[in-house]
Amino acid sequence: YSKRVMAGAAVLDLGAACATYLPEELPLREVCGLGMNMEEMQANEELTARVVHDLNEDPALPYMDQQFDAVLCSNALPYLTEPERVLEEAARVLRPGGVLIISFTDRCLSSKVTRAWSSRGNLDRATLVQELVNGCPGLTAPELIWEVNPMSSAGVMVPGLRGAVG
């Protein structure tokens with residue numbers, strides 16, 4: 001994230017919980033968390049604001065147009081029933097030149113992910129995310145980044161996508 005999120009940025013963490021994966025040394029103006037569980041978000045000291053909101057019930061984000069410099073969607077996309085609408089909302093709340101970062105791992109709660117997600121492997125999931133971003137007005141072509149998780153003994157590949165508003 002430190003290569004994509006600029007110091008002093010206003011950040012929205014979609015699917016926020018007990019951890020935000022931003023570098024501790026990165027000074028940010030604000031980090032707003034939107035998640036399903038206030039107790040988990042309260043444990044996340046990086047968040048400066050917290051909103052409980054079920055994106056599957058209502059994909060509309062409760063924020064102003066062009067409010068954020070960066071929107072993070074870390075491991076939340078597999079659970080969204082209307083990812084297209086959520087990405088359109090992410091584009092709406094991003095400032096011009098802002099960055100959308102979507103990341104996921106090969107681990108998820110199989111009982112809660114969408115069928116579109118569970119029926120694919122990681123490469124096909126990355127392709128799905130690329131297609132979703134490409135189909136979203138206001139987002140530029142995504143950049144695909146594969147990273148190896150150094151904490152994984154199996155060397156699990158962790159895809160992440162970045163799309164910018166232009």
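Preceding block: the structure.
Residues numbered from 1 in each chain as written. Predicted model: local features only at pLDDT ≥ 70, side-chain atom pairs only at ≥ 80, totals over all residues. Heavy atoms only, no water.

Q: Looking at this model, I keep getting lost on the overall build of the chain. Mind explaining?
A: Regarding its fold elements, the chain presents four helices and seven strands. In sequence order, the chain lays out its α and β elements as β-β-α-β-β-α-β-α-α-β-β. Counting across all 166 residues of the chain, residues that qualify as buried make up 45%. Put simply, 55% of the contacts in the chain that link residues at least 6 apart link residues at least 24 apart. Surface exposure of the chain reaches about 8,700 Å², of which carbon and sulfur atoms provide 51%. (Helix = DSSP H or I, 4+ residues; strand = E, 2+ residues; numbered from the N terminus. Buried < 20%, exposed > 50% of the residue type's maximum accessible area, 1.4 Å probe, protein only. Contact = heavy atoms within 4.5 Å. Areas by Shrake-Rupley, 256 points an atom, 1.4 Å probe, with all protein chains shown as cover.)

Q: Mind showing me how you'd approach helix α4 (residues 122-134) here?
A: Along an α-helix, residues three or four apart share an orientation, since each turn contains 3.6 residues. If you check α4, its first and last C-alpha atoms are 18 Å apart, about what 13 residues at 1.5 Å a residue would give, namely 18 Å. Residues of α4 that are buried: Asn122, Arg125, Ala126, Leu128, Val129, Leu132 and Val133. All buried residues of α4 fall inside an arc of 155° around its axis, so they share one side. Every exposed residue of α4 that faces more than 90 degrees away from the buried side is listed here: Leu123, Glu131 and Asn134. (Expected span 1.5 Å × (residues − 1). Arc of directions from axis to C-beta.)

Q: Help me understand helix α2 (residues 83-93), please; the structure alone is not making it clear to me.
A: Restricting attention to buried positions, one finds in α2 the residues Pro83, Val86, Leu87, Glu89, Ala90, Ala91 and Val93. Those residues of α2 that are buried are in contact with β1 (10-14), β4 (68-74), β5 (94-103) and α4.

Q: Would you mind going over the nonpolar core with me for this structure?
A: When a protein is soluble and globular, its nonpolar side chains tend to lie buried together. Formed by 30 residues in total, the largest nonpolar core has its most connected members in Leu12 and Val71. Excluding anything up to four places from it in sequence, Val71 contacts Leu12, Leu14, Ala90, Val93, Leu94, Val99, Leu100 and Ile101. Judged by nonpolar contacts, the second largest core, of 13 residues, contains Val11, Met41, Val99 and Ile101. (Core = buried A, V, L, I, M, F, W, Y, C linked by side-chain atoms within 4.5 Å.)

Q: Please explain unusual backbone geometry as it appears in this structure.
A: Glycine aside, a negative phi is what most residues show, and trans is what most peptide bonds show. Within the chain, Gln66 stands out as a residue other than glycine whose phi angle is a positive 55°. As for its placement among the helices and strands, Gln66 is situated in the loop between β3 (49-52) and β4. Phi is positive for Asn75, close to 60°, though the residue is something other than glycine. Relative to the elements of secondary structure, Asn75 occurs in the loop between β4 and α2. Accessibility expressed as a relative area gives 28% for Asn75, which makes it partly exposed.

Honestly, it's all geometry; don't read function into it.
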